[in-house]
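# Close look at the chain arrangement
Now for the letters of each chain:
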Amino acid sequence: MSYNVSKVNKGEEVQFKQPDPAFYKALGGEEGMKELMYDFYDIIYESDIAHFFPQDEDEFQEVKEKNTKFFIQICGGPKVYEKEAKGMNLNEYMIRLHDDFSITEKSRYEWLGCMEEALRKVNIDQKLKDDFWDYLEKFSKLTVNSFADGSTYYAAYTQASEK
Ligand code: HEM
């Protein structure tokens, strides 16, 4: 079923696969990805996780742009985010970037919910959206670092295995 979300188990290995470049192509490349990601961030700003993100308009704009570049690259488009990762593996960089924020399972659900809302508006083959969702659903587990029992746990990149 589309848009399923499974639970995070602290410390478990997370296997994920990079999104199929066919998703990026079906979106229409860079412009289509930009539309999707800008819409996603507009939804985030109306959500329960809005407080995680900059309230300053220029800073917000910068996050939108960087986020779009990351997704263009991770989805098989041009390497427009390369410089940001400072030579680190892109996935590892992304996990570490989120260490600065206390992300709970609940925030992850909300984040995924915003993405679901944005994706539902995109009119492309559901199979391609499902493939992208599969990556997001799994990879997002590695951004969760704060748990209901009050403990924290920062996922090691070695815990992520790319299929
Ligand atoms: C598949 C999972 C996720 C991916 C691929 C992802 C990707 C990104 C990217 C590309 C950026 C911008 C990086 C930059 O500034 O260069 C970002 C920033 C951020 N993400 Fe995520 N994210 C994910 C999950 C989450 C979740 C679950 C949360 C929960 C709240 C979250 C919260 C944030 C925050 C707070 C920022 C930084 C905003 C700032 O710079 O002030 N992310 N994320």
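What comes next is a walk through the structure. Remember, it's a predicted structure, so these values are computed and weren't measured experimentally. (Residues numbered from 1 in each chain as written. Predicted model: local features only at pLDDT ≥ 70, side-chain atom pairs only at ≥ 80, totals over all residues.)

Even without glycine at this site, Tyr3 takes up a positive phi of about 65 degrees. Look at Tyr3 and you get partly exposed, because 16 C-beta atoms sit within 10 Å. Phi is positive for Lys86, close to 50 degrees, though the residue is something other than glycine. Turning to its location among the elements, Lys86 is positioned in the loop between helix H3 (57–74) and helix H4 (90–97). The exposure class assigned to Lys86 is exposed, which follows from the 7 C-beta atoms found within 10 Å. (Buried ≥ 20, exposed ≤ 12 C-beta atoms within 10 Å, placed from the backbone. Helix = DSSP H or I, 4+ residues; strand = E, 2+ residues; numbered from the N terminus.)

Our focus in this paragraph is the nonpolar core. Grouped together as the largest cluster of nonpolar side chains are 19 residues, with contacts concentrated most on Met33, Phe40, Phe71 and Cys75. Of all the elements in the fold, those that place two or more residues in this core are helix H1 (21–27), helix H2 (30–44), H3, helix H5 (105–120) and helix H6 (126–139). Counting residues per element, this core draws most heavily on H2, at 5 residues. Excluding anything up to four places from it in sequence, Phe71 contacts Met33 and Met37. (Core = buried A, V, L, I, M, F, W, Y, C linked by C-beta atoms within 7 Å. Contact = placed C-beta atoms within 7 Å.)

Let us now look at the site of the ligand. Taken together, 21 residues sit near the ligand, with Phe52, Lys66, Phe70, Trp111 and Ser140 positioned nearest. Contributions of two or more residues to the shell around the ligand are made by H3, H4, H5 and H6. Of the residues that constitute the shell around the ligand, the class distribution is 13 nonpolar, 5 polar and 3 charged. (Near = placed C-beta within 6 Å. Nonpolar A, V, L, I, M, F, W, Y, C, P; charged D, E, K, R; others polar.)

Locating Ser47 in the fold gives a position in the loop between H2 and H3. Sequence-wise, Ser47 and Trp111 are 64 residues apart; in three dimensions their C-alpha atoms are separated by 8.6 Å. Beyond its immediate stretch of four places on either side in the chain, Ser47 contacts Glu110 and Cys114.

Our focus in this paragraph is the packing of H2 against H5. Taken N-terminus to C-terminus, the directions of H2 and H5 make an angle of 135 degrees; their axes are 9 Å apart at the nearest point. In terms of axis orientation, H2 runs oblique to H5. Judged by the twist between their axes, the crossing of H2 over H5 is right-handed. In this structure, H2 contributes Leu36, Asp39, Phe40, Ile43 and Ile44 to the contact, and H5 contributes Cys114, Met115, Glu117 and Ala118. (Axes fitted to C-alpha atoms, helices over the stretch in contact; angles between N-to-C directions. Parallel < 35°, antiparallel > 145°, perpendicular 65-115°, else oblique. Left-handed = near helix turned anticlockwise from the far one by under 90°.)

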